[in-house]
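Now for the letters of each chain:
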Amino acid sequence: MTTAPWRDPALPATARVDDLLSRMTLEEKTAQLYGVWVGAATDGDGVAPHQHDMTVDYEWDELITRGLGQLTRSFGTAPVDPALGAQALARAQRRITEAGRFGIPAIAHEECLAGFTAWQATAYPVPLAWGATWDPPLVEEMARRIGDDLRSAGVHQGLAPVLDVVRDPRWGRVEETIGEDPYLVGTLGTAYVRGLESAGVVATLKHFAGYASSAGARNLAPVRAGVREFADVTLPPFEMALREGGARSVMAAYTERDGVPASADPELLTGLLREEWGFTGTVVADYFGIGFLQTLHRIAGTPAEAAHAALVAGIDVELPSLKCYGDPLVDAVRSGEIPEELVDRAARRVLLQKCELGLLDEDWTPEPTAPVDLDSTSNRILARRLAEESVVLLDNPDGLLPLAPDTRIAVIGPRAADALAMLGCYSFPSHVLTHHPGVPTGIDIPTVLDALRTELPDAKVTFAQGCDVTDPDTSGFEEAVARAAEADVCVAVLGDRAGLFGRGTSGEGCDASDLALPGAQGELLDALVATGVPVVLVLLTGRPYALGRWHGRLGAVVQAFFPGEEGGPAVAGVLSGRVNPSGRLPVSVPQAPGGQPWTYLQPPLGLAGEVSNLDPTPLYAFGHGRSYTTFAWEDGTGGEEPAQIGTDGTYDVSVTVRNTGDREGAEVVQLYLHDPVASVTRPDVRLIGYQRVELAPGEASRVTFRFHTDLSAFTDRSGRRVVEPGVLELRLAASSADVRHTTHLTLTGPVRVPDADRMLRCGTEVSEVG
């Protein structure tokens, strides 16, 4: 029998929470607004800079008598056996519920960017690799499995996905993004959200908003994005993931835009997010983000002032600790500096989410209900499929690939025999185990070298490292060149080392000054090419690198973006031909290391022209990727005479894709919009639809896109999102630069302002063709 209305599951959640709030003291309400990072370092040797400045000492047994909002990274701080970790988390939750007057457990959150960031958990490909798959259903299935693993260990909230759109590929966190196009980011990010939420885990959208537009690609640098770039490039993926994915949490970005930090921006976190978009979940701070309002942004003089600014803006939860929302907030409320209504508003949102998760129910239990296996066989099978679909064959001009099964292969390069070459910076081995030398990775990660030997058992495979990832030392070149000269083909495996804050060449705080291959790897590749032996370049990276220096001199080029624990076999499968590559670029690959920053979303003056001697045209365009089979695009809709539709109309665009080769393969049909004349400058082309199609030899499918004029909307000079009358082109293409069919439209009628439930994606239909 329930003892209070807030315990009654038959009542509406709002009534339960209102009753509970009326019974709580100020200390108990504020306790719901912060997390505790048990085991976090306070001596300056933590995961992140400023961690020692922002971590507050506390007495655990006394603290939890008030209750607790969140538990920070019980699994993601140190290597813990998953089963024992789940038991330890359950014990911690029992202590929390027994210590407080109301017995309310904490929300346990973890990172899950490319899998549950825990020891012995599956390391999936990074988000940039998801982007290369162009396969939302597959990404959704991965996220559901990640969610199932989180729930099995007692975790309620996942800090993913990252919905930042790449604006400068030198930025260290490019590997965490899905790509340089908001439509691709939005559709794949929404698929991830649906998968995670379907497992009962709260998805947290990162980083709201503008983080990837930091000046000079420097982590946390000020954002220079204007009103229209912010509205039309930065925000759409978040809106889609909230409206269509049902994400229940949003993380405020570290960065500032036009002098206003996101964590202190009520127009962003309340006006846009809640009042315009109707978001009802929780807004959480990025780690230490509220304290940074005082220490880094300097818009607050004390932790209490930082807390006030964040609460006014709309941040409900301080993560990962209680620097500002702890005692400083309590004292400021008691002194009248901060209205208690702000605390109540945030606490209500937090408690509503806890109610939704079942944490206010009397029969809630923290104990795991099933064995905890975070790297199951089914997980690895899915990780392999994702990795295989993500590998992009950039070039294969003379058909050097697939490799002959009995050939002599020299495998050269610093990424060939290193398991960590497969993993991004938010994988557990790269993120945490670097602080625990001697601890095994906990999962099996075949290297490219090992996988290639397994894949081609009749081949003679030799190996030389040649150089390190970053060290300029070239003393290993001699052996590498000798091994290459003895072989029929050289496979050069080059790329990045993921890390954090300067400890890698890719990852958070590992920004690049240019897009040249790190260290001496470019010189190593020069030396290998000079042998005259055909060279297959395999890149394992977290960002695109400039390859124009070797264009036309390589036998083939294969790009993999940190493809996860099964990435080695996936790459080897592409090299052997067991896997027909189907990945498509989610980011452009530049010609020259200094010809960037550049993404394909450029207005006319952002393209090559006579006004500048610098040509930013990429070597390989957004959406590009080759296959071992061939495809014919037939009977495309359209012609020279424009079809007329109203500014609120729809139009179907179709093409038949036929596999004209001798093996099964997948083509990605892409739909781009070109707006010749608009009231403000527009990108020359931008993606508005796509469909991955798998076809057997000789098989054909008809792909139809239902274009709605909402997809042509943009932000005009007054700040309104509008659909303008005039001429448009819909381009069916194999990449942003490879157009196969064009449909001309004329939009007629008045300028239209789409309503709040406007169409965000292009409907697609695939039908078989006889």
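Residues numbered from 1 in each chain as written. Predicted model: local features only at pLDDT ≥ 70, side-chain atom pairs only at ≥ 80, totals over all residues. Heavy atoms only, no water.

Asker: Tell me about the sheet that holds strand 25 (residues 738-748), and name the residues and values.
Answerer: Two modes of strand pairing occur in sheets, parallel and antiparallel, and in both the strands are linked by backbone hydrogen bonds. Strand order in this open sheet of five strands is 17-25-24-19-20, and the pairing throughout is mixed. Looking along the sheet, the strands with just one partner apiece sit at the ends: strand 17 (643-646) and strand 20 (686-695). With direction set aside, neighbouring strand axes in the sheet form an average angle of 30 degrees. In the sheet, strand 19 (residues 665-674) pairs with strand 24 (residues 726-735) via five bridges, with the strands oriented antiparallel. When the bridges of strand 24 are listed, His674 appears paired with Glu729. (Pairing = 2+ DSSP bridges. Helix = DSSP H or I, 4+ residues; strand = E, 2+ residues; numbered from the N terminus. Axes fitted to C-alpha atoms, helices over the stretch in contact; angles between N-to-C directions.)

Asker: Account for helix 19 (residues 477-485), with residues named and values stated.
Answerer: Buried within helix 19 we find Phe477, Ala480 and Ala484. Each buried residue of helix 19 sits inside an arc of 65 degrees when the element is viewed along its axis, so together they form one side. Exposed side of helix 19, more than 90 degrees from the buried face: Glu478 and Ala485 are the residues found there. The elements touched by buried residues of helix 19 are strand 11 (408-412), strand 12 (460-464), strand 13 (489-495) and helix 20 (521-530). (Buried < 20%, exposed > 50% of the residue type's maximum accessible area, 1.4 Å probe, protein only. Arc of directions from axis to C-beta. Contact = heavy atoms within 4.5 Å.)

Asker: Could you give an account of the packing of helix 7 (residues 136-152) against helix 8 (residues 182-198), naming the residues involved and the relevant values?
Answerer: Remark: helix 7 packs on helix 8, axes separated minimally by 7 Å, with the N-to-C direction vectors making an angle of 35 degrees. Remark: the crossing between helix 7 and helix 8 carries right-handed chirality. Judged by residue contacts, Pro136, Val139, Glu140, Met142, Ala143, Arg144, Ile146, Gly147 and Leu150 of helix 7 engage Thr187, Leu188, Ala191, Tyr192, Arg194, Gly195, Leu196 and Ser198 from helix 8. Looking at the contact of helix 7 with helix 8 residue by residue, the class counts come to ten nonpolar, four polar and three charged. (Left-handed = near helix turned anticlockwise from the far one by under 90°. Nonpolar A, V, L, I, M, F, W, Y, C, P; charged D, E, K, R; others polar.)

Asker: Can you explain unusual backbone geometry? Please cite residues and give values.
Answerer: A cis amide bond links Lys206 with the next residue in sequence, His207, at an omega value of -10 degrees. Tracing the backbone through its elements, the reader meets His207 in strand 5 (residues 202-208). The linkage connecting Phe208 with the following residue, Ala209, adopts the cis geometry, with an omega of 0 degrees. On the secondary structure map, Ala209 appears in the loop between strand 5 and helix 9 (227-234). Despite not being glycine, Arg73 has its phi angle at roughly 50 degrees, a positive value. Examined against the element boundaries, Arg73 turns out to sit in the loop between strand 2 (70-72) and helix 5 (82-99). A positive phi angle, close to 70 degrees, is found at Gln120, a residue other than glycine.

Asker: Requested: an account of helix 10 (residues 236-243), with residues and values cited.
Answerer: Burial within helix 10 is extensive, with six of its eight residues counted as buried. Along helix 10, the residues classified as buried are Pro237, Phe238, Glu239, Met240, Ala241 and Leu242. Considering only its buried residues, helix 10 is in contact with helix 8, strand 5, helix 9, strand 6 (249-252) and helix 11 (266-276).

Asker: Got a sec to walk through the packing of aromatic side chains? Specific residues and values, please.
Answerer: For any pair of aromatic rings, the description rests on two quantities: the centre-to-centre distance and the angle between the ring planes. Across all of its chains, the model carries 16 aromatic pairs by this definition. Measuring from ring centre to ring centre gives 5.5 Å for Trp134 and Phe622, while their planes differ by 50 degrees; the resulting arrangement is tilted. Residue Trp134 is found in the loop between helix 6 (127-133) and helix 7, and its partner Phe622 is found in the loop between helix 21 (567-576) and strand 16 (631-634); the two are separated by 488 residues along the sequence. An identical accessibility class is assigned to Trp134 and Phe622; each is buried. Seen from their ring centres, Tyr600 and Tyr672 are 6.1 Å apart, and the 90 degrees between their planes marks the pair as edge-to-face. Of this pair, Tyr600 sits in the loop between helix 21 and strand 16 while Tyr672 sits in strand 19, placing them 72 residues apart in sequence. When its relative accessible area of 1% is taken as the criterion, Tyr672 is described as buried. Through a chain of ring-to-ring contacts, the aromatic side chains of Trp37, Trp171, Tyr211, Tyr254, Tyr287, Phe288 and Phe292 assemble into a single cluster. Sitting over the ring of Trp633, Arg740 keeps its end group 5.0 Å from the ring centre. (Phe/Tyr/Trp six-rings, centres within 6.5 Å; stacked < 30°, edge-to-face > 60°. Lys NZ or Arg CZ within 6 Å of the ring centre and 35° of its normal.)

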